[in-house]
2 protein chains.
Amino acid sequence: MMENRDMIPEPALRRLPWYLSYVTLLHERGVEYVSSTQISRELKVDASQIAKDLSFLDIKGKTRIGYEVPLLEHKLEEFLGFRREHRAVIVGAGSLGGALMQDSGLTRYGLDIVAGFDVDPALVGTTKHGLPVFHVDELAERCHKLHAGIGILAVPVEHAQEVADSLIAAGVRAIWNFTPYRICAPEGVVISNTSIYAHLAVMYNRMGQTSD
Amino acid sequence: MMENRDMIPEPALRRLPWYLSYVTLLHERGVEYVSSTQISRELKVDASQIAKDLSFLDIKGKTRIGYEVPLLEHKLEEFLGFRREHRAVIVGAGSLGGALMQDSGLTRYGLDIVAGFDVDPALVGTTKHGLPVFHVDELAERCHKLHAGIGILAVPVEHAQEVADSLIAAGVRAIWNFTPYRICAPEGVVISNTSIYAHLAVMYNRMGQTSD
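Residues numbered from 1 in each chain as written. Chains lettered and ligands numbered in written order. Predicted model: local features only at pLDDT ≥ 70, side-chain atom pairs only at ≥ 80, totals over all residues. Heavy atoms only, no water.

Visitor: Please clarify how the pairing of strand β6 (residues 131-135) of chain A should be interpreted in this entry.
Guide: For a regular strand, side-chain orientation follows a simple rule: the groups alternate between the two sheet faces. Residue and element names in this part refer to chain A. Relative to β6, strand β4 (residues 111-118) runs parallel, the two being bridged by three bridges. Paired with F117 across the strands is F134, a residue of β6. Pairing analysis gives two bridges linking strand β5 (residues 127-128) to β6, with the strands arranged antiparallel. Bridged to K128 within β6 is L131. The turn linking β5 back onto β6 is made up of two residues, and H129 within it adopts a positive phi angle of 50 degrees. (Pairing = 2+ DSSP bridges. Helix = DSSP H or I, 4+ residues; strand = E, 2+ residues; numbered from the N terminus.)

Visitor: Can you walk me through the interface of chain B and chain A in this structure?
Guide: Size of an interface, as often reported, equals the accessible area lost when the parts are brought together. Contacts between chain B and chain A engage 69 residues on the former and 69 residues on the latter. For the chain B and chain A pair, buried surface summed over both sides reaches about 6,500 Å², with 60% attributable to carbon and sulfur atoms. The tally of links between chain B and chain A comes to two salt bridges. Residue R206 of chain B is joined to E10 of chain A by a salt bridge in which the shortest nitrogen-to-oxygen separation is 2.9 Å. The tally of links from chain B across to chain A stands at 18 residue pairs in polar contact (both at pLDDT 80 or more). Residue assignment for the side of chain B that touches chain A shows that the elements contributing at least two residues are α1 (2-7), α2 (10-28), α3 (36-43), α6 (95-101), α7 (105-108), β8 (174-177), β9 (190-193) and α10 (196-210) of chain B. The leading source of residues in the side of chain B that touches chain A is α10 of chain B, at 15 residues. Its residues assigned to classes, the side of chain B that touches chain A shows 35 nonpolar, 21 polar and 13 charged. (Contact = heavy atoms within 4.5 Å. Buried area = accessible area lost by both parts, 1.4 Å probe. Salt bridge = Lys/Arg side-chain N within 4 Å of Asp/Glu carboxyl O. Polar contact = N/O pair within 3.5 Å; in protein donor to acceptor, adjacent residues only side chain to side chain. Nonpolar A, V, L, I, M, F, W, Y, C, P; charged D, E, K, R; others polar.)

Visitor: Please clarify how the side chain of H86 of chain A should be interpreted in this entry.
Guide: Tracing the backbone through its elements, the reader meets H86 of chain A in strand β3 (residues 86-91). Looking at H86 of chain A, its side chain comes within polar contact range of the main-chain oxygen of G81 of chain A, at 3.0 Å. Excluding its chain neighbours within four sequence positions, the residues that come into contact with H86 of chain A are G81, G110, L111, D112 and I150 of chain A together with Y204 of chain B.

Visitor: What's the story with helix α2 (residues 10-28) of chain A in this structure? I'm lost.
Guide: A turn of α-helix holds 3.6 residues, and therefore any two residues three or four places apart point the same way. Relative to the 27 Å expected for 19 residues at 1.5 Å per residue, α2 of chain A spans 28 Å between its end C-alpha atoms, a close match to the ideal helical length. Directly after α2 of chain A, the chain includes G30 of chain A, whose backbone phi takes a positive value near 80 degrees. (Expected span 1.5 Å × (residues − 1).)

Visitor: Explain the packing of aromatic side chains to me, please; I cannot follow it from the model alone.
Guide: Aromatic ring pairs are described here by two measures, namely the spacing of the ring centres and the angle between the planes. The final tally for this structure, using the stated rule, is ten aromatic pairs over all chains. Centre to centre, the rings of W176 of chain A and F178 of chain A are 4.7 Å apart; their planes meet at 50 degrees, and the pair counts as tilted. Each member of the pair W176 of chain A and F178 of chain A is classed as buried. Ring centres of Y204 of chain A and F82 of chain B lie 6.3 Å apart, and the angle between their planes is 75 degrees; this geometry places the pair in the edge-to-face category. With one member in each of two chains, Y204 of chain A in helix α10 (residues 196-210) and F82 of chain B in the loop between α5 (69-79) and β3 (86-91) form a pair that bridges those chains. (Phe/Tyr/Trp six-rings, centres within 6.5 Å; stacked < 30°, edge-to-face > 60°. Buried < 20%, exposed > 50% of the residue type's maximum accessible area, 1.4 Å probe, protein only.)

What follows is the structure in structure tokens.
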């Protein structure tokens, strides 16, 4: 199964959370079984594609009945890493960073934000949504003590690369980059870009097209 | 130029915000000119690709000198829609939704969130970061009065489709979907998915691979 997990192509991996959200919904409604055909109808994804994606999981569906809903939900959460705890620090505790610190939804998906860092004297030394905010100068020391493997980057663009370098020096193995800046990192460090402002640009552009 | 804007392929459109963030940085540093070659070196994107992407903008670079930095910044912001005001409402003013309501960064990128909606009696009737929170039942009436063209979806998965339907009925032309649910919409309505939890799954998976 470890072997399978390593081999899953990214597009398949990106579809699994869609299945999970649908299966969670069915679970809440008390539905017991679900087939790839049903998931296909609901999510507009080809049924054979769904069966193939789910083949990466350690679960077997029954002919004509499908998958056991609670088991499929559990296996998806497990496979996606949502059932393990991933400790993270966030750098930039202002606008977006502070917002992420208060998003308890992240905890549900296995992300445990343990501290924030900033340079703003108005923020350093305070707590935000129960989490301490330290000065960025303490990054290396604190990251180590807090066993944080993930650094969330929510700083202004002009500090993105420099703070990413500090996070990597402090020992994080992954950076979740919320800035629109393309940061560089040595091999072995995972960079995950979530540039929500770039999504805005794509949305605005499409809106311009449909209104013509 | 309108014609060009309509024709830009999505991958090119998604790269423009990277260029913008770099150019903004140069502007702040007082740099006057930048060439595709320089942008290429910094962002690790092929220089001829950059020149091609920028050809969609109404701007010409000078041979050997490159683009005027403040002008390129302005043209990029304009092209990306960041200099126009796009009015939006947010449904789900709890954890992630409430967080987005306080992210002033969005305003900088042309998104003007004008109200929040929820069903929670503890939230309805209050203000959050200066924005009123109304009951979801008032969506149609309020959206119309507020001239909101964009609906931001930050509700629990089980209400995603139903709330999306209400937003569309209320006249929004685009939905920015933060839920991991694949919502369906009639043609002409723009759906932009930002499933930050799916990004988490991809990051966890890659971290598992590098640690082996």
